[in-house]
Amino acid sequence: MSDSVPPVTEPSASGEPSANQKPSANREQWSSRLVFVLAATGSAVGLGNIWKFPYITGEFGGGAFVLIYLICIASIGIPIMMAEIMLGRRGRQDPVTTMKRLAKESGHSRAWGLLGWMGVIAGFLILSYYSVIAGWAMAYVPQMASGTFTGLDAQAVNTVFSTLVGSPETLIAWHSLFLIMTMTVVARGVRGGLEKAVTYLMPMLFVLLVILIFYAMGTGHFAVGLSYLFNPDFSKITTEGVLSAMGHAFFTLSLGMGAIMVYGSYLPDNTSIAKAAFAVAFMDTLVALLAGMIIFPIVFANSLEPGAGPGLIFKTLPLAFGQMNYGTFFGTLFFILLVFAAWTSSISLIEPAITWSMKTFQISRIKASVISGILVWLMGLLTVFSFNITSDFTISSIISTRYGEFVILKDATAFDFLDYLTSNIMLPLGGLMIAIYAGWLMKKDYSRDELEISRFWYAIWSILVRYVAPVMVIIVFLNAMGVVAFVRSIMSA
Ligand code: PHE
C-alpha cells in the first residue's frame, strides 16, 4: 500500500483498481470527484475566508484590493490549482517525492524536489499561527453560549477580545486543544468522519452566513458596506496591498504548498480536474465575499475601524449576535462551524509534512503526527506572544534603492512576519514553480492526458499557466522589491 493512509476509508466499490488506472495508481483513492471537491473545499474554506479576507481587505482599503484579489483568483489561482492537482495525481506521492519523480520522468533535475520541500515548511509555519487563531474562535464558543455578548456595545466587545488575546495562558490552552484535535485526525489518517463533517457542516455554515447577510441588511449600512467592498478606489492601493491580494489568492485556495497536490494524489484518473478546480474556487470565493458583505456593514453601522487588523471579526460579529434574535444560539453555532472550517483546513496544512516525514524517516503516521504536533505547538508560541508579552517587539524592513525607500512589514510582530513570509512569499513562489513546471517542463502529452479537457480549454489553460500566471507573479514580486519603481525612475530620468 502507499506510504500514507488514504483519505477514503472504504476502498473502491469492487475492491479492485479500475481498468484505466496507471500502474502508479495503486493507492486508495477518493470514492468520487465529489469527495475530492468536498475535501479540497474543506481545505480551501477556512479562517482565510472568514477571518483573514475581511481584515486584510480593511487594512488595504477595500474595493481595489478586492478587485485585484478576484483577478488573481481567476487568472492565477484557478490555472495553478489545475496544475497542482494534475502534478499530484500524476506523481501520487508526498510533494517532495512527487516532484522528484515527475522531474525524473521528464528528464529534469531532481532539484525540483525543493519545491515540495518548501511546501512542507510553509504548511508547518502556517499551521503554527493558524492554530492560535483557530483557538480564538474556540474561545468564543463558550463566550457566545453563556451570553457574554448579549446587548454589549462595541467598546465592551473590544474589551472581551483584548482580554482574551492579552492572556498568554488562555491562548496557549486553546492553541493546544486545537492542535490536539488536528493531530488526532491526522494521526488516525481516517478522514471519513471529516468528510461527513464537510458534507453537512459546510452547508450549515453557508446558511448561517446567509442569515447574517439579512442581519447586515438591517443595519442600515449595507449599501455603504457593499460600496466599500466593490467600488474600487485605486488611490488607496499600495504595492504591499497588491502583493497581499495575490498572496491571499494562494492562501485562500490552499495553493503553492502541496496541500492540493497531496489531495490530488488521491484523485481517481477518470475525473475532471478542471471542473473540480472551478467548483472549489467558486465556493471559496463565495464564502469570502459573503463574509465581507456581513462584516463591513456592521463595521460602518457601529463606527468601527475597517483596518482594525486580525481582531476584526472577533470585534464585529459578536455585536451582531448580541443584538439579533436568538443571537446566543446562532452565535454559538457560528463559532463552532468556524472551528470546523479551520479544522478541515489545518489537516491539509500538515498533511504534506506528515507524508514527507513518514517516507523520509521511515516512521509511522502516529509518530510523525506526534513529532510534528510538538514542533508546531512550540512554533505557535511565537504567535501567542505576539499579541501580549512580545507585542512591542517588532521589526520593519526597509528596502532602499538609490531611487527611494520601500518599507515592507512595518512594525511587524512575529505573527505578522510569519504570515507575510508564508502567504506573500512562499506560497506565490511555490505556485510560480508549479506553473513553470506544469506549463513549460512537463511534456504536453502528459498534461493533456491528465487534464482531459477540450483543445480549446487546453489552449487557454496553457496560456494562463505558461505566461499569464508566471508573469503576474514575477511582476508583483519585482514591484514589491522596488524594482518596478526603480525602472520607472530610470525611464523618466
Ligand atoms: N485555505 C485555507 C484558508 O483559507 C488555509 C490553507 C492554506 C490551507 C494553505 C491549506 C494550505 O483558511
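Residues numbered from 1 in each chain as written. Predicted model: local features only at pLDDT ≥ 70, side-chain atom pairs only at ≥ 80, totals over all residues. Heavy atoms only, no water.

Draft legend 1. View of the packing of helix α3 (residues 63-91) against helix α18 (residues 455-480). Taken N-terminus to C-terminus, the directions of α3 and α18 make an angle of 120°; their axes are 9 Å apart at the nearest point. Comparing their axes, α18 and α3 come out oblique. Seen along the crossing, α3 lies across α18 with a hand that is left-handed. Across the interface between the two elements, Ile71, Ser75, Ile76, Pro79, Ile80, Met82, Ala83 and Met86 from α3 touch Trp461, Leu464, Val465, Val468, Ala469, Met472 and Val473 from α18. Tallied by class, residues from the contact of α3 with α18 come to 14 nonpolar, 1 polar and no charged. (Axes fitted to C-alpha atoms, helices over the stretch in contact; angles between N-to-C directions. Helix = DSSP H or I, 4+ residues; strand = E, 2+ residues; numbered from the N terminus. Parallel < 35°, antiparallel > 145°, perpendicular 65-115°, else oblique. Left-handed = near helix turned anticlockwise from the far one by under 90°. Contact = heavy atoms within 4.5 Å. Nonpolar A, V, L, I, M, F, W, Y, C, P; charged D, E, K, R; others polar.)

Draft legend 2. Broad picture of the site of the ligand. Taken together, 14 residues form the shell around the ligand, and within it Ala44, Gly48, Tyr130, Phe251 and Ser254 come nearest. Separating an oxygen atom of the ligand from a side-chain N or O atom of Tyr130 is a distance of 2.5 Å. Take Thr252: an N or O atom from its main chain is 3.1 Å from a nitrogen atom of the ligand. Protein chains bury 100% of the 330 Å² of accessible surface belonging to the ligand in isolation. When contributions to the shell around the ligand are tallied by element, the ones reaching two or more residues are α1 (33-44), α2 (47-59), α10 (239-252) and α14 (327-361). (Near = heavy atom within 4 Å. Polar contact = N/O pair within 3.5 Å; in protein donor to acceptor, adjacent residues only side chain to side chain. Areas by Shrake-Rupley, 256 points an atom, 1.4 Å probe, with all protein chains shown as cover.)

Draft legend 3. Region of interest: the confidence of the model for the chain. Mean pLDDT over the chain works out to 88, with 90% of the residues at or above the 70 mark. Low pLDDT, under 50, characterises residues 1-25; the stretch is placed with 51 contacts to residues that sit more than four places away or in other chains. (pLDDT = per-residue confidence, 0-100.)

Draft legend 4. Spotlight on the environment of Ser346. Following the sequence through the fold, Ser346 ends up in helix α14. Classification of Ser346 as buried rests on a relative accessible area of 0%. For the pair Ser346 and Ala245, spaced 101 residues apart in sequence, the C-alpha separation works out to 21 Å. In this structure, Ser346 is in contact with Leu127, Tyr130, Phe178 and Thr182, ignoring residues within four places of it in sequence. A distance of 3.0 Å separates a polar atom in the side chain of Ser346 from a polar atom in the side chain of Thr182. (Buried < 20%, exposed > 50% of the residue type's maximum accessible area, 1.4 Å probe, protein only.)

Draft legend 5. Representation of the pattern of salt bridges in the model. Taken as a whole and assessed by the stated rule, the structure comprises 8 salt bridges. Here Arg92 ties to Asp269 by a salt bridge, and the two come within 3.1 Å at their closest N and O atoms. Here the residue Arg92 occupies a position in the loop between α3 and α4 (95-105), and Asp269 occupies one in the loop between α11 (259-264) and α12 (273-301), the gap between them amounting to 177 residues. The pair Arg92 / Asp269 is uniform in exposure class, with both members buried. Between Glu351 and Arg365 there is a salt bridge, with its nearest N and O atoms 2.8 Å apart. (Salt bridge = Lys/Arg side-chain N within 4 Å of Asp/Glu carboxyl O.)

Draft legend 6. Here's a closer look at the packing of aromatic side chains. Tallied over the full model, the rule gives 29 aromatic pairs. Taken together, a centroid distance of 5.7 Å and an interplanar angle of 40° make the contact between Tyr458 and Trp461 tilted. A residue pair is termed a helical-turn pair when its members lie 3 or 4 positions apart in one helix, as Tyr458 and Trp461 do in helix α18 at 3 residues. Among the residues examined, Trp461 registers a relative accessible area of 3% and is labelled buried. Above the ring of Tyr458, the side-chain terminus of Arg448 is found at 4.8 Å from the ring centroid. (Phe/Tyr/Trp six-rings, centres within 6.5 Å; stacked < 30°, edge-to-face > 60°. Lys NZ or Arg CZ within 6 Å of the ring centre and 35° of its normal.)

Draft legend 7. Molecular detail of the nonpolar core. Core analysis: the biggest nonpolar cluster contains 169 residues, and Leu87, Trp136, Phe314, Phe334, Phe335 and Trp461 have the highest contact counts within it. The element that contributes the greatest number of residues to this core is helix α5 (residues 113-145), accounting for 20 residues. (Core = buried A, V, L, I, M, F, W, Y, C linked by side-chain atoms within 4.5 Å.)

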